[in-house]
Amino acid sequence: MQDLSRTETYSLGGVAAICFAILVNAWKSDGEPLFASLAISGIAFAFTYALIRWTGDVFIKRGYKGRDLSKKNAVEIPEAMGLVCALVYLLAVVNFLPFAFKHDIAEVTSAAIDKDRLLEALDIETGRFLHRFPLEKLASYGFAYGTLASVTILGILDDSFDMRWRHKFFIPAFAALPMLALYYVDFGVTHVVVPLPLREYLGDLVDLGGFYYLYMAAISIFCPNCINILAGVNGIEVGQSLVIALLIVLNDMLYILPTVNQPHPAAESHLFSVYLLLPFIGVSLALLKHNWFPAKVFVGDTYCYFAGMVFAVVGILGHFSKTLLLLFIPQIFNFIYSAPQLFAIVPCPRHRLPRFNARTGLLEPSVATFTEEKPLRPLVGEVLKLLDRVKLLRVQVSEEGRVTETTNFTILNLWLVWRGPLREDRLAIEILVMQTAVGLLGLLVRHKLALLLFTVDNRF
Ligand code: UD1
Ligand code: MG
């Protein structure tokens, strides 16, 4: 067990005490659930921070450990620490529910003891209405919880058995089934609004039917996997997830701020999203502190799946999955760019993370090599040469003109091709800044340019 320093103990204790006081106050004063959510997220941060430190050695003893491949002295550090985050997160969500439903709970219990509202004799003979609790609202939390708990279990399976990429690709879809089932029985909305230029041909709305479910399943598969393959540099898995989470919260704010005409029809779904994202931000900040360069722990596939699924859940159950995709542009690019290796058109090594040059201490693009025994198909070689010419890759060519090696197809390696060798933390910061800028641009396009394609922006 690794102890917290004295400063850390006092700071975490202070944060937890203040948050606890806010929580007690929120309960007594009938305050906004938002304050309770903030306070629970603060406690989740402090708890995760301490737990990561206390349990690190136990993880190593149980074999959950990994070697940091980009360090001179690659010591083994705890792996799969995302499990701690996911468990604290699930606990935080459950503890938030009484605050979210306080009014409904009070109404149901007071109705039960209010003599005037006792049920009529007729009701008793024909069957009673047992409750008037808004179960449909609670269902979203329940199914979100079920989906996130399932994906955590599957993440742990992956981290325990080190599954092959093509086997684990579809794993998140199984976890998403409960959520899709809820969507089917509760909303069932499979219509999308048609952009103005196409309305002449398709009408205002088009029903995608079953395809909409395929689309949502695809999002549930895509979000977790795309975070898992933009990985291998200290802090990048958690960093990108935090950027996405903050951008979604920013978008949510646009619907729930007092300046927006309330009640806004979309406000409730965006509040749901905020309530699920604040604790996520809390546990992720605690993990980032330990995973940032030089990493003291690894996050594991458990974290990547869990984080990606949090986004899929809020996007799907919050009805803004298309806006969500605008915040995944770097990940979408990385996924498409990776496709030739993911689908084995170009051989894919077990690790594609940038190569550490021990002499300079900097990261360089890692490469996949092709030998005479294992050559690249000539046509593929020609395409790679073309991509090299437009600076989307760097290839080595033999004297006979055969491609002998190429940089691996990830955005991290591509960034190093463009920028030259970088220190690990510098690479992570540059990628995160780029991601934030692209995400903000995405939101701007969503709300400003939406008017070119649709009659209104749904904020107004
Ligand atoms: C994915 C990537 C793989 C990349 C790996 C790095 C695909 C198809 N797979 O595989 O190319 O190499 O993530 O996470 O794109 N590690 C570090 N430094 C870090 C993070 C991880 O050295 O900052 C190493 C450690 O040895 C750690 C291991 O990567 O134990 C974790 O790899 P894992 O998450 O199991 O790889 P995959 O998700 O299968
Ligand atoms: Mg991984």
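Each remark here, short or long, concerns the structure printed above.
Residues numbered from 1 in each chain as written. Chains lettered and ligands numbered in written order. Predicted model: local features only at pLDDT ≥ 70, side-chain atom pairs only at ≥ 80, totals over all residues. Heavy atoms only, no water.

**Q** For the overall build of the protein, give the residues involved together with the corresponding values.
**A** When helices and strands are counted, the protein shows 18 helices and nine strands. Scaling as 2.2 N^0.38, a compact globule of 460 residues should have a C-alpha radius of gyration of about 23 Å, and the protein matches this with 25 Å. If you line up the protein on its principal axes, its C-alpha atoms span 95 × 70 × 40 Å. Among the 460 residues that make up the protein, the fraction classed as buried is 49%. Across the protein, contacts joining residues at least 24 apart in sequence account for 73% of those joining residues at least 6 apart. Charge separation in the protein, taken as the distance between the mean sites of 39 positive and 39 negative side-chain charges, equals 8 Å. (Helix = DSSP H or I, 4+ residues; strand = E, 2+ residues; numbered from the N terminus. Rg over C-alpha atoms; globule rule 2.2 N^0.38 Å. Buried < 20%, exposed > 50% of the residue type's maximum accessible area, 1.4 Å probe, protein only. Contact = heavy atoms within 4.5 Å. Lys, Arg positive; Asp, Glu negative; His and termini not counted. Charge placed at Lys NZ, Arg CZ, Asp CG, Glu CD.)

**Q** Can you explain helix H18 (residues 424-453)? Please cite residues and give values.
**A** The first and last C-alpha atoms of H18 sit 41 Å apart over 30 residues, in line with the 44 Å expected at 1.5 Å per residue. At histidine 447, H18 shows its largest bend, some 40°. (Expected span 1.5 Å × (residues − 1). Bend = angle between axes of the 7 residues up to and from the residue.)

**Q** Describe the packing of aromatic side chains, naming the residues involved and giving the relevant values.
**A** Counted according to the given criterion, the structure contains 24 aromatic pairs. An aromatic cluster is present here, built from Tyr89, Trp165, Phe169, Phe170, Phe222, Phe280, Tyr303, Phe306, Phe311, Phe328 and Phe335 joined pairwise through their rings. Its guanidinium or amino end placed over the ring of tryptophan 27, lysine 102 lies 4.7 Å from that ring's centre, counting from NZ or CZ. (Phe/Tyr/Trp six-rings, centres within 6.5 Å; stacked < 30°, edge-to-face > 60°. Lys NZ or Arg CZ within 6 Å of the ring centre and 35° of its normal.)

**Q** Before we move on, can you summarise the site of ligand 1 with the specific residues and values?
**A** Taken together, 20 residues surround ligand 1, and among them Arg67, Glu79, Lys168, Asn228 and His351 come closest. At a separation of 3.2 Å, an oxygen atom of ligand 1 approaches a polar side-chain atom of arginine 350. Interatomic distance of 2.9 Å between a backbone N/O atom of arginine 352 and an oxygen atom of ligand 1. Compared with its free state, where it exposes 720 Å², ligand 1 has 91% of that area covered by protein. Looking at the shell around ligand 1, the elements with two or more residues in it are strand S1 (65-67), helix H7 (165-168) and helix H10 (210-229). When the residues that make up the shell around ligand 1 are grouped by side-chain class, the tally is eight nonpolar, five polar and seven charged. (Near = heavy atom within 4 Å. Polar contact = N/O pair within 3.5 Å; in protein donor to acceptor, adjacent residues only side chain to side chain. Areas by Shrake-Rupley, 256 points an atom, 1.4 Å probe, with all protein chains shown as cover. Nonpolar A, V, L, I, M, F, W, Y, C, P; charged D, E, K, R; others polar.)

**Q** With reference to specific residues and values, describe the environment of methionine 216.
**A** Residue placement: methionine 216 occurs in helix H10. When its relative accessible area of 1% is taken as the criterion, methionine 216 is described as buried. Distance in space between the C-alpha atoms of methionine 216 and leucine 83 is 25 Å, their sequence separation being 133 residues. Setting aside residues up to four positions removed in sequence, methionine 216 forms contacts with Leu180, Tyr183 and Ile316.

**Q** How would you explain helix H6 (residues 135-161) if you had to name every residue and give the values?
**A** Taking 1.5 Å of rise per residue, 27 residues should cover 39 Å, and H6 covers 38 Å from first to last C-alpha, within 8% of that figure. Every buried residue of H6 is listed here: Ala139, Ser140, Tyr141, Ala144, Thr147, Leu148, Val151, Thr152, Leu154, Gly155, Asp158 and Asp159. Against helix H3 (82-100), H7, helix H8 (171-187), helix H12 (267-291) and helix H13 (300-317) lie the buried residues of H6. Immediately beyond the C-terminal end of H6, within one or two residues, lies aspartate 162, with a positive phi of roughly 45°.

**Q** Describe the sheet that holds strand S9 (residues 403-407), with residues and values.
**A** Read across the open sheet, the three strands follow the order S7-S9-S8; overall the sheet is antiparallel. Whereas interior strands pair on both sides, the edge strands pair on one side only; in this sheet they are strand S7 (367-369) and strand S8 (395-397). Within the sheet, the average angular offset between the axes of one strand and its neighbour, ignoring direction, is 15°. Judged from the three bridges that link them, S8 and S9 form a sheet pairing that is antiparallel. What sits directly across from valine 397, in S9, is valine 403. (Pairing = 2+ DSSP bridges. Axes fitted to C-alpha atoms, helices over the stretch in contact; angles between N-to-C directions.)

**Q** Go over the environment of aspartate 252 with me, naming the residues and quoting the values.
**A** Within the fold, aspartate 252 resides in helix H11 (residues 236-256). Here the alpha-carbon distance between aspartate 252 and leucine 34, two residues 218 residues apart in the chain, equals 13 Å. The contacts of aspartate 252, once residues within four sequence positions are left out, are His270, Ser273, Val274, Leu277 and Phe320.

**Q** Mind laying out the environment of phenylalanine 356, listing which residues take part and the relevant values?
**A** Relative to the elements of secondary structure, phenylalanine 356 occurs in strand S5 (residues 355-357). Sequence-distant contacts of phenylalanine 356, defined by excluding residues within four places in its chain, comprise Leu69, Ser70, Lys71, Lys72, Gly361, Leu362 and Leu363.

**Q** Before we move on, can you summarise unusual backbone geometry with the specific residues and values?
**A** At the junction of phenylalanine 293 and proline 294, the peptide bond is cis and its omega measures out at -15° in the coordinates. Within the element layout of this structure, proline 294 appears in the loop between H12 and H13. Residues other than glycine seldom take positive phi values, yet alanine 80 does so here, at roughly 65°. Residue alanine 80 is classed as buried on the basis of its relative accessible area of 0%. One non-glycine residue with positive phi stands out, namely lysine 391, at about 60°. Turning to its location among the elements, lysine 391 is positioned in the loop between helix H16 (378-389) and S8. Owing to a relative accessible area of 54%, lysine 391 belongs among the exposed residues under this scheme.

**Q** Give me the lowdown on the coordination of the magnesium ion (ligand 2), citing residues and values where you can.
**A** Distances from the magnesium ion (ligand 2) to its protein donors, Asn228 (OD1) and Asp301 (OD), fall within 2.0 to 2.1 Å. Separated by 73 residues along the polypeptide, asparagine 228 in helix H10 and aspartate 301 in helix H13 bring together distant segments of the chain. Neither asparagine 228 nor aspartate 301 differs from the other in exposure class; each is buried. (Donors = N, O, S within 2.8 Å, 3.2 Å for Na, K, Ca; no water.)

**Q** Outline the pattern of salt bridges, listing residues and values.
**A** Where side chains of opposite charge bring their charged atoms close, a pairing between them can arise. Applying the stated criterion across every chain yields a total of 14 salt bridges. Across the pair glutamate 76 and lysine 65 runs a salt bridge, and its minimum N-O distance is 3.7 Å. With glutamate 76 in strand S2 (residues 76-78) and lysine 65 in strand S1, this residue pair connects regions lying 11 residues apart in the sequence. Across the pair lysine 137 and aspartate 104 runs a salt bridge, and its minimum N-O distance is 3.8 Å. You can see lysine 137 sitting in helix H6 and its partner aspartate 104 sitting in helix H4 (residues 102-113), a full 33 residues away along the chain. The class of lysine 137 is partly exposed, set by a relative accessible area of 33%. (Salt bridge = Lys/Arg side-chain N within 4 Å of Asp/Glu carboxyl O.)

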